[in-house]
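# Observations on the three-dimensional arrangement
Okay, here's what each chain looks like letter by letter:
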Amino acid sequence: MSQSPAHGRVILLGPRGSGKSEAGAILASRLGVPFIDLDIQIQRKALKPIARIFQNEGEAGFREMEADALVDALASDAGVIATGGGIILREPNRQRLMHTAAVRVLLNADPAILWHRVSSDPSSIETRPALTQLGGEAEIRHVLERRMPFYEQVATHHVDTSVHTPAEVADEILRLLQRP
């Protein structure tokens, strides 16, 4: 069995395009602990991309799957967990996250950078649903405005990923873990 980080596990929060999946995988590798990406777990269990889950089961159905995946991940030996951007929308999820022995890191970036990352990633377009009717950077700004209070409520630390590579973000989180 692997060893958890000194401060317990690390849970990465933040909007789509903030780097949770990539930085999380690098961080887990550097810590020598298991990594779980909730979006990947949901897609594997459902045998379809998140966009199709939204089409078939609606957002409510997806959010139920997301809540179940969070419970499973928190019960696992994962040392690093990358959550989906909307995990914080439900109060029970926020409570679970806040009552877990973990360093909860909000990854965020300027909305223009988030939009550039998301729109430049062909897999994101194929697998992720639109979150509003606005589209583009306006959608990201709208989603951030709605979700930021919840991210702030849950997060214990913040890392701006605007000008950092996923490896640099992992390094910054490692520095956070080394602080008393």
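Reading the values: the criteria
- Residues numbered from 1 in each chain as written.
- Predicted model: local features only at pLDDT ≥ 70, side-chain atom pairs only at ≥ 80, totals over all residues.
- Heavy atoms only, no water.
- Helix = DSSP H or I, 4+ residues; strand = E, 2+ residues; numbered from the N terminus.
- Buried < 20%, exposed > 50% of the residue type's maximum accessible area, 1.4 Å probe, protein only.
- Contact = heavy atoms within 4.5 Å.
- Areas by Shrake-Rupley, 256 points an atom, 1.4 Å probe, with all protein chains shown as cover.
- Phe/Tyr/Trp six-rings, centres within 6.5 Å; stacked < 30°, edge-to-face > 60°.
- Pairing = 2+ DSSP bridges.
- pLDDT = per-residue confidence, 0-100.
- Core = buried A, V, L, I, M, F, W, Y, C linked by side-chain atoms within 4.5 Å.
- Arc of directions from axis to C-beta.
- Salt bridge = Lys/Arg side-chain N within 4 Å of Asp/Glu carboxyl O.

A few words now on the overall build of the protein. Scanning the protein from terminus to terminus reveals 8 helices and 5 strands. Residues counted as buried form 47% of the 180 residues belonging to the protein. Of all intrachain contacts in the protein linking residues separated by at least 6 positions in sequence, the fraction that spans at least 24 positions is 77%. For the protein, the exposed area adds up to about 8900 Å²; of that, 53% sits on carbon and sulfur atoms.

Enumeration over the complete set of coordinates arrives at 1 aromatic pair. Taken together, a centroid distance of 5.0 Å and an interplanar angle of 35° make the contact between F54 and F62 tilted. Taken as a pair, F54 and F62 share a single burial class, namely buried.

This next bit is on the pairing of strand β1 (residues 9-13). Extensive coverage of β1 is indicated by the burial of 5 of its 5 residues. Across the two faces of β1 the burial is the same, with R9, I11 and L13 and V10 and L12 all buried. Examined bridge by bridge, β1 and strand β4 (residues 102-108) share 5 bridges and lie parallel to one another. Counterpart to V10 in the pairing with β4 is V103. Where β1 and strand β3 (residues 80-82) come together, 3 bridges link them in parallel fashion. Bridge assignment links L12 to a residue of β3, and that residue is A82.

Glancing now at the confidence of the model for the protein. The share of residues in the protein with pLDDT of 70 or more is 88%, and the mean pLDDT across the chain is 89. No element of the protein has a lower mean pLDDT than helix α6 (residues 122-127), which averages 58, and none a higher one than β3, which averages 98.

It is worth spelling out the nonpolar core at this point. I11, L13, L38, I81, I87, I88 and L97 are the most contacted members of the largest nonpolar core, which totals 29 residues. Among all residues touching I81, those that are not within four sequence positions of it are R9, V10, I11, L12, I36, L38, A73 and L74. One finds V10, V105, A170 and L177 within the second-largest nonpolar core, a separate group that totals 17 residues.

With that settled, the discussion passes to helix α5 (residues 111-120). Note on helix geometry: an α-helix contains 3.6 residues per turn, so any two residues three or four positions apart are oriented the same way. Taken as a whole, α5 has its buried residues at P111, L114 and V118. Viewed along the axis of α5, the buried residues span an arc of 60°, placing them on a single side of the element.

In this section: the pattern of salt bridges. Tallied over the entire structure, the rule returns 9 salt bridges. Here R90 and E64 are joined by a salt bridge, their closest N and O atoms 2.7 Å apart. Taken as a pair, R90 in the loop between β3 and α4 (91-98) and E64 in helix α3 (residues 50-75) lie far apart in primary sequence, 26 residues in all. R90 sits in the partly exposed class, given a relative accessible area of 25%.

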